[in-house]
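# Structure at a glance
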Amino acid sequence: MHCNSIPRRAPICMIATHRGRLSRFMALLLALALIGSPNLYSQAAAPTEYEVKAAYLYNLGKFVEWPAKTATASDSFSICVLGHDPFGPTLDTLIAKETINGKSIVVKRLLKPQDAVSCHILFISSSEESRLKEILSTLDKANVLTVSDMPQFTKRGGMIQFVLDANRVRFEINLTSAERAGLTLSSQLLKVAISVRRDSHPGAM
């Protein structure tokens, strides 16, 4: 039964339609990441840059393996944002009622890097660029996947950096930094990265 045939249920239908659009978009984005087809974007309704990045944050959790002690330490899966939040409500809406490894997802906005040690995924806002060295030092050996779109992020010791490639959001990986944190990145994820770094002496500059 279509929403148009039930005028009194229009608000409910609008919510369902919005969630359905997000679910289809996430499915398309995941397919894009695994297949690399540029035509998939044309099938979605013109997502914004940060809608794409928010969907990537969620999907990254499916292609990274955390140590057993981290995986069992909490009943929820934490995606955190440190500093200025560029996502607004998009991230919360995108992951509503979604799960990763059977765990509900919670979004946390943080001001101090010390509060990020219990996060699974940490997006470090570009507002924190001047203190990146301090942040990465605080997280040293913590089992946290660090993600950002600030320039030179993977070269400075971050793990995954979003970059724009021909107006498409792609990502680079610093595999050494991820492995030092005890994280295992799937071969599928490595294959679709535009570059994978292996540093002999990783560390923030």
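Residues numbered from 1 in each chain as written. Predicted model: local features only at pLDDT ≥ 70, side-chain atom pairs only at ≥ 80, totals over all residues. Heavy atoms only, no water.

### Describing the sheet that holds strand 4 (residues 103-110)
Pairing is mixed in the open sheet, where 8 strands are placed in the order 3-4-2-5-6-7-8-10. Two strands bound the open sheet, and with one partner strand each, they are strand 3 (99-100) and strand 10 (195-197). With 7 bridges joining them, strand 2 (residues 76-82) and strand 4 adopt parallel strand pairing. In the sheet register, Ser-78 faces strand 4, and the bridge partner there is Val-106. (Pairing = 2+ DSSP bridges. Helix = DSSP H or I, 4+ residues; strand = E, 2+ residues; numbered from the N terminus.)

### Notes on the state of the cysteines
Counted by the stated rule, this structure contains 1 disulfide. The partner cysteine of Cys-80 in its disulfide is Cys-119, sulfur to sulfur 2.0 Å. Disulfide Cys-80-Cys-119: the torsion about the S-S bond is -95 degrees, which places it as left-handed. In this pair, Cys-80 sits in strand 2 while Cys-119 sits in the loop between strand 4 and strand 5 (121-124), placing the two residues 39 residues apart along the sequence. With respect to class, Cys-80 is no different from Cys-119; both count as buried. (Disulfide = S-S within 2.5 Å. Buried < 20%, exposed > 50% of the residue type's maximum accessible area, 1.4 Å probe, protein only.)

### Considering helix 2 (residues 49-60)
Taking 1.5 Å per residue, 12 residues should reach 16 Å; helix 2 reaches 16 Å between its end C-alpha atoms and fits that length. Among the 12 residues of helix 2, 10 are classified as buried, and the element is accordingly described as predominantly covered. Of all the positions in helix 2, only Glu-51, Val-52, Lys-53, Ala-54, Ala-55, Tyr-56, Leu-57, Tyr-58, Asn-59 and Leu-60 are classed as buried. (Expected span 1.5 Å × (residues − 1).)

### Some details on the nonpolar core
Within the largest apolar cluster, 38 residues are counted, with the highest numbers of intra-cluster contacts made by Leu-57, Ile-121, Leu-145, Val-147, Ile-160, Phe-171 and Leu-189. It is helix 2 that contributes the most residues to this core, 7 residues altogether. (Core = buried A, V, L, I, M, F, W, Y, C linked by side-chain atoms within 4.5 Å.)

### Regarding the pairing of strand 7 (residues 160-165)
Direction of pairing for strand 6 (residues 145-148) relative to strand 7: parallel, over a ladder of 2 bridges. Of the residues in strand 7, the one forming a bridge with Val-147 is Ile-160. The hairpin formed by strand 7 and strand 8 (residues 168-174) contains 2 residues between the paired strands, and Ala-166 there has a positive phi angle of roughly 55 degrees.

### Regarding the pattern of salt bridges
Counting across every chain of the model gives 8 salt bridges. Here Arg-131 ties to Glu-128 by a salt bridge, and the two come within 2.5 Å at their closest N and O atoms. Look at Arg-131 and you get partly exposed, because its relative accessible area is 24%. Salt-bridge contacts for Asp-140 lead to Arg-180; the nearest nitrogen and oxygen are separated by 3.3 Å. One end of the pair, Asp-140, is in the loop between helix 5 (132-138) and strand 6; the other, Arg-180, is in helix 6 (residues 175-180), with 40 residues separating them in the sequence. A cluster of three or more residues bridged by salt bridges with shared partners is formed by Glu-49, Lys-53 and Asp-149. (Salt bridge = Lys/Arg side-chain N within 4 Å of Asp/Glu carboxyl O.)

### Brief notes about the pairing of strand 2
Regular strands show a simple pattern: their side chains alternate between the two faces of the sheet. For strand 2, the buried fraction is high: 7 of the 7 residues fall into the buried class. A two-sided burial pattern is seen for strand 2, the buried positions comprising Ser-76, Ser-78, Cys-80 and Leu-82 on one face and Phe-77, Ile-79 and Val-81 on the other. The sheet contact formed by strand 2 and strand 5 spans 4 bridges and is parallel. Of the residues in strand 5, the one forming a bridge with Leu-82 is Ile-124.

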